[in-house]
Amino acid sequence: MSGFTHTIDTERPSATDTDDQVQCAPPTGITVLIIGAGVGGLMAALECHRKGHTVRVFERSTSASAGGDMFTIGLSGRRVIKRYPAMQKELDEISIHDSWMQHRKWTSEPIGEPRPFGQVVGGGGLTLHNQPMVTQLRPLFHAMLYHQIERFGIEVSYGKRIVKYYEDAERGVGGVITDEGEHAEADLVLAADGLNSHSQELVFGSLNKGVPSGRSIFRAAWDLELAMADPLVKETFGLKDGKDPLMQAWMGPDTHAMTLSYVDKNSKNGQMLWGVTFKEPGEQDTTESWRNTVSGDDVLKMMEKSAPGWGEPMKRLVKTMPAGSIIFWPLLWRDPNPRTHSNGGRVLQIGDAAHSFLPTSGNGATQAIEDAITIAACLQHAGKDNVATAVETHSLLRSERVSCGQLLGFVNAERLQKADLSKVGNDAKKVAAKVPKWLWQLDPEQYADENYAAAAASLQEGGPAFVNTNIPVGYTPKPWTLADIEKLESEGKQVEMSGDWS
Ligand SMILES: Cc1cc2nc3c(=O)[nH]c(=O)nc-3n(C[C@H](O)[C@H](O)[C@H](O)COP(=O)(O)OP(=O)(O)OC[C@H]3O[C@@H](n4cnc5c(N)ncnc54)[C@H](O)[C@@H]3O)c2cc1C
């Protein structure tokens, strides 16, 4: 595998192919049509199946494939995997939980010594099953979900590009239309088709293409061997003690870079992964495409323009990236919106279709998984006659937490890119991204199970008020926008985080 174009080997022999001991609930009679086979869509398919609903998936790609490089999955998104013994086994094999983390100034000067990644994202533990956050290679994580989809025998239809969502509240169905004019309906349609989901037209009345957040990212994944051919690159970015994965954060004014060198224990394939977030001087390019590549020379020019003085090892690392391997991705922003469903509650957005996250939140994929778990549980509690109530209750349980997680992305961006590096000394803890307990400690399935009845009751006229406990203790959620954050930034103020965000 070398980032961004990986066809999933659905035949991959694995210890998981035999005895799949998932305990599935009795059928509920609820039909769910899921649009998009990303992390959110696939996880929703698995959870809906496990909870007894009947599921189908439509995906626009022509085959099971997954691009991209790495993301982190928080413990709140991983706990559920233990319900799928075969998938848990595969997750244990692919997780990069034993890496080291080194912080540096963008000029290459180290900020302290490398520490175990689990300690940096601290408060939890260092083992695979209790670490607050674990790094995953996106193609392998997708493959793991696909393998479970296959074990369940869930139907995934490829080449289905959805261009329109609708609902018929009277008949109690949600529906979609493909670019070839095919209609499909179900009791509930889950829009898991990413940032530019056409479900926005039904939910908000128009497509929200997002506004420039002022930040963009270059990212790449390529063979470790190619990177290590340069001795200075090897010395700086090579595996820790010649064997352990090494992650680095290089921090500068309004910019930061992340790297990971890693060798897969099973295949012995080595990967180098890299990304740099920067402020584009002038107007921001707004093409959101994981196929939008740029040259190494252009990257170096942009890095130097946005923060002059990058250390030589970082510049040399960029020079080892093969042509066509560097993706440009503008970080467009969609403000938090508590409304993620159609009027009649027959179409619900989940994952990126419902909320965009800055990479510095480390939570885009995790929150997509939490959405999937929550709606599957809510449907089970509600039953076939109350699908719309399940959808509204899901939104109530999710929207405040998601909005806090989105805010965290801005707080972390500030920590990584606005730190007064002259005062950091050797203490990387002062600048490391926050990984708060309220985020990773949650068990979203348990939360939905324990709170469904009270949350649903609060929706009835005159019903008792419901207060979420899946957000920072002592924080009263309030609506906020990118404009509010930019105003604070321009006044030199920090985002308010009352309550316990530790
Ligand atoms: C190709 C790709 C590469 C990525 N690489 C990275 C990465 O390296 N690091 C990272 O942090 N995040 C990456 N992401 C984003 C990350 O996976 C998501 O932010 C997160 O996992 C939430 O997942 P999601 O399921 O909501 O959305 P996504 O992962 O974006 O999945 C959406 C799915 O819907 C499908 N789809 C879109 N439009 C339609 C349509 N009209 N009809 C039918 N299907 C449709 C897409 O093909 C995709 O499979 C990538 C996303 C994609 C699509």
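Fair warning: this is a prediction, and the values are worked out from it, not measured in the lab.

Asks: Honestly, the overall build of the protein in this entry has me stumped. Any pointers?
Replies: Scanning the protein from N- to C-terminus turns up 15 helices and 20 strands. Its C-alpha radius of gyration of 22 Å places the protein within 12% of the 23 Å reference for a compact globule of 502 residues. Principal-axis analysis of the C-alpha atoms gives the protein an extent of 65 × 55 × 45 Å. Considering only residue pairs separated by 6 or more positions, the protein has 75% of its internal contacts joining residues 24 or more positions apart. For the protein, the computed accessible surface area is about 20400 Å², with 50% contributed by carbon and sulfur atoms. The centroid of the 50 positive side-chain charges in the protein is displaced by 5 Å from the centroid of its 63 negative side-chain charges.

Asks: It is not clear to me how the site of the ligand should be interpreted in this structure. Could you clarify?
Replies: Residues in contact with the ligand amount to 29 residues; listed here are only the nearest, Gly-40, Glu-59, Asp-69, Arg-138 and Asp-352. Within the backbone of Asp-69, one N or O atom sits 2.7 Å away from an oxygen atom of the ligand. In this structure, Ile-162 approaches the ligand through a main-chain N or O atom, which is 3.0 Å from a nitrogen atom. Considering the ligand on its own, with 920 Å² of exposed area, one finds that the protein chains cover 86% of that surface. Of the residues contributing to the shell around the ligand, the split by class is 10 nonpolar, 10 polar and nine charged.

Asks: Even after reading the chapter, I still don't get the sheet that holds strand β20 (residues 347-349), so can you show me in this structure?
Replies: Strand order in this open sheet of five strands is β9-β3-β2-β13-β20, and the pairing throughout is parallel. Strands at the two margins of the open sheet, each flanked by one partner only, are β9 (155-157) and β20. Each adjacent strand pair in this sheet contributes to an overall mean axis angle of 20°, direction not counted. Both strand β2 (residues 31-35) and strand β13 (residues 188-191) contribute to a ladder of four bridges, which runs parallel. Bridge pairing in β13 places Ile-34 opposite Leu-190.

Asks: So what exactly am I meant to see when it comes to the UniProt feature "domain: FAD-binding" (unreviewed entry) in the protein here?
Replies: In the numbering used here, UniProt assigns the "domain: FAD-binding" (unreviewed entry) feature to residues 343-382. Taken end to end, residues 343-382 is 48% helix and 8% strand, and its two terminal C-alpha atoms sit 18 Å from one another.

Asks: Please clarify how the environment of Arg-50 should be interpreted in this entry.
Replies: Within the fold, Arg-50 resides in helix α1 (residues 39-50). Overall, the relative accessible area of 7% leaves Arg-50 in the buried class. As for Arg-50 and Phe-152, which are separated by 102 residues in sequence, their C-alpha atoms are 9.1 Å apart. Among all residues touching Arg-50, those that are not within four sequence positions of it are Val-22, Gln-23, Cys-24, Ala-25, Val-80, Arg-83, Tyr-84 and Glu-445. A distance of 3.0 Å separates a polar atom in the side chain of Arg-50 from a polar atom in the side chain of Glu-445.

Asks: Honestly, the sheet that holds strand β15 (residues 246-252) in this entry has me stumped. Any pointers?
Replies: One key point about sheets: their strands pair by backbone hydrogen bonds, in either a parallel or an antiparallel sense. Here eight strands make up an open sheet; going across it, the order is β7-β6-β15-β16-β17-β14-β19-β18 and the pairing mixed. With one partner strand each, in any of the chains shown, β7 (110-116) and β18 (293-294) form the two edges of the open sheet. As judged from the seven bridges shared by β15 and strand β16 (residues 255-263), these two strands associate in the antiparallel manner. Bridge pairing in β16 links Gln-248 to Thr-259. Its contacts with the sheet place helix α9 (residues 296-306) against β14 (211-223), β17 (270-279), β18 and β19 (326-333), and it is angled at close to 45° to β17. Sitting on the sheet, helix α10 (residues 312-319) touches β14, β15, β16 and β17, and the angle it makes with β17 is about 115°.

Asks: In this structure, what is going on with helix α12 (residues 387-417)? I would like to understand it.
Replies: Within an α-helix, residues lying three or four positions from one another point in the same direction, as the helix has 3.6 residues per turn. Helix length check: α12 (31 residues) gives 44 Å between terminal C-alpha atoms against 45 Å at 1.5 Å per residue, within 8%. Of all the bends in α12, the greatest, near 35°, is centred on Arg-398. Among the 31 residues that make up α12, 24 are buried, leaving the element largely enclosed by the rest of the structure.

Asks: Would you mind going over empty space enclosed by the protein with me for this structure?
Replies: Over the atoms a probe the size of a water molecule is rolled, and this reveals where empty space is left. Enumeration over the complete set of coordinates arrives at four cavities of 30 Å³ or more. Roughly 60 Å³ of volume is contained in the largest cavity. Taken together, Gly-74, Ser-76, Pro-132, Met-133, Asn-363, Thr-366, Val-435, Pro-436, Leu-439 and Trp-440 make up the full set of residues lining the largest cavity. Counted by class, the lining of the largest cavity contains six nonpolar, four polar and no charged residues.

Asks: Please explain the state of the cysteines as it appears in this structure.
Replies: In a disulfide, the sulfur atoms of two cysteines are held together by a covalent bond. Scanning the model with the defined rule gives zero disulfides in all. Distance from the sulfur of Cys-24, which forms no disulfide, to the nearest cysteine sulfur (Cys-48) is 12 Å. No disulfide involves Cys-378; its sulfur sits 11 Å from that of Cys-48, the nearest cysteine. The class of Cys-378 is buried, set by a relative accessible area of 0%.

Asks: For this particular structure, what's the right way to read the nonpolar core?
Replies: Soluble globular proteins tend to pack their nonpolar side chains together in the buried interior. Of all hydrophobic cores here, the largest spans 76 residues; its most connected members are Ile-34, Phe-141 and Leu-190. For this core, the leading source of residues is helix α11 (residues 364-382), giving 10 residues. Those residues in contact with Ile-34 that lie beyond four places of it in its chain are Gly-41, Ala-44, Ala-45, Val-55, Arg-56, Val-57, Phe-58, Leu-190 and Ala-192. Core analysis: the second largest hydrophobic core is formed by 34 residues, Trp-310, Leu-317, Ile-326 and Ala-428 among them.

Asks: Got a minute to help me understand the domain arrangement of the protein in this structure?
Replies: For interface size, the figure often reported is the accessible area lost on association. Domain boundaries in the protein define domain 1 (6-17 + 27-208 + 336-444) and domain 2 (211-333). Averaged C-alpha coordinates put domain 1 and domain 2 at centres separated by 24 Å. At the interface, 39 residues of domain 1 touch 42 residues of domain 2. Together domain 1 and domain 2 conceal approximately 3500 Å² of surface at their shared face, both sides included; 62% is due to carbon and sulfur atoms. Contact with domain 2 buries surface across domain 1, with Trp-100, Trp-106 and Gln-417 losing the most and accounting together for 23% of the total. Ionic pairing is found between Arg-219 and Asp-69, a salt bridge with its closest N-O pair at 2.6 Å. Elements with a contribution of two residues or more to the side of domain 1 that touches domain 2: α3 (85-94), β6 (100-105), β8 (133-137) and α12. In terms of residue class, the side of domain 1 that touches domain 2 is made up of 21 nonpolar, 11 polar and seven charged.

Parameters and conventions
- Residues numbered from 1 in each chain as written.
- Predicted model: local features only at pLDDT ≥ 70, side-chain atom pairs only at ≥ 80, totals over all residues.
- Heavy atoms only, no water.
- Helix = DSSP H or I, 4+ residues; strand = E, 2+ residues; numbered from the N terminus.
- Rg over C-alpha atoms; globule rule 2.2 N^0.38 Å.
- Contact = heavy atoms within 4.5 Å.
- Areas by Shrake-Rupley, 256 points an atom, 1.4 Å probe, with all protein chains shown as cover.
- Lys, Arg positive; Asp, Glu negative; His and termini not counted.
- Charge placed at Lys NZ, Arg CZ, Asp CG, Glu CD.
- Near = heavy atom within 4 Å.
- Polar contact = N/O pair within 3.5 Å; in protein donor to acceptor, adjacent residues only side chain to side chain.
- Nonpolar A, V, L, I, M, F, W, Y, C, P; charged D, E, K, R; others polar.
- Pairing = 2+ DSSP bridges.
- Axes fitted to C-alpha atoms, helices over the stretch in contact; angles between N-to-C directions.
- UniProt positions renumbered as here; feature names shortened; annotations may be inferred.
- Buried < 20%, exposed > 50% of the residue type's maximum accessible area, 1.4 Å probe, protein only.
- Expected span 1.5 Å × (residues − 1).
- Bend = angle between axes of the 7 residues up to and from the residue.
- 1 Å grid on protein atoms, 1.4 Å probe; cavity = no way out; pocket = protein on both sides within 12 Å on 5 of 7 lines; lining within 4 Å.
- Points joined across faces, edges and corners; volume = space filled by probe spheres on them.
- Disulfide = S-S within 2.5 Å.
- Core = buried A, V, L, I, M, F, W, Y, C linked by side-chain atoms within 4.5 Å.
- Domains from an automatic or database assignment.
- Buried area = accessible area lost by both parts, 1.4 Å probe.
- Salt bridge = Lys/Arg side-chain N within 4 Å of Asp/Glu carboxyl O.

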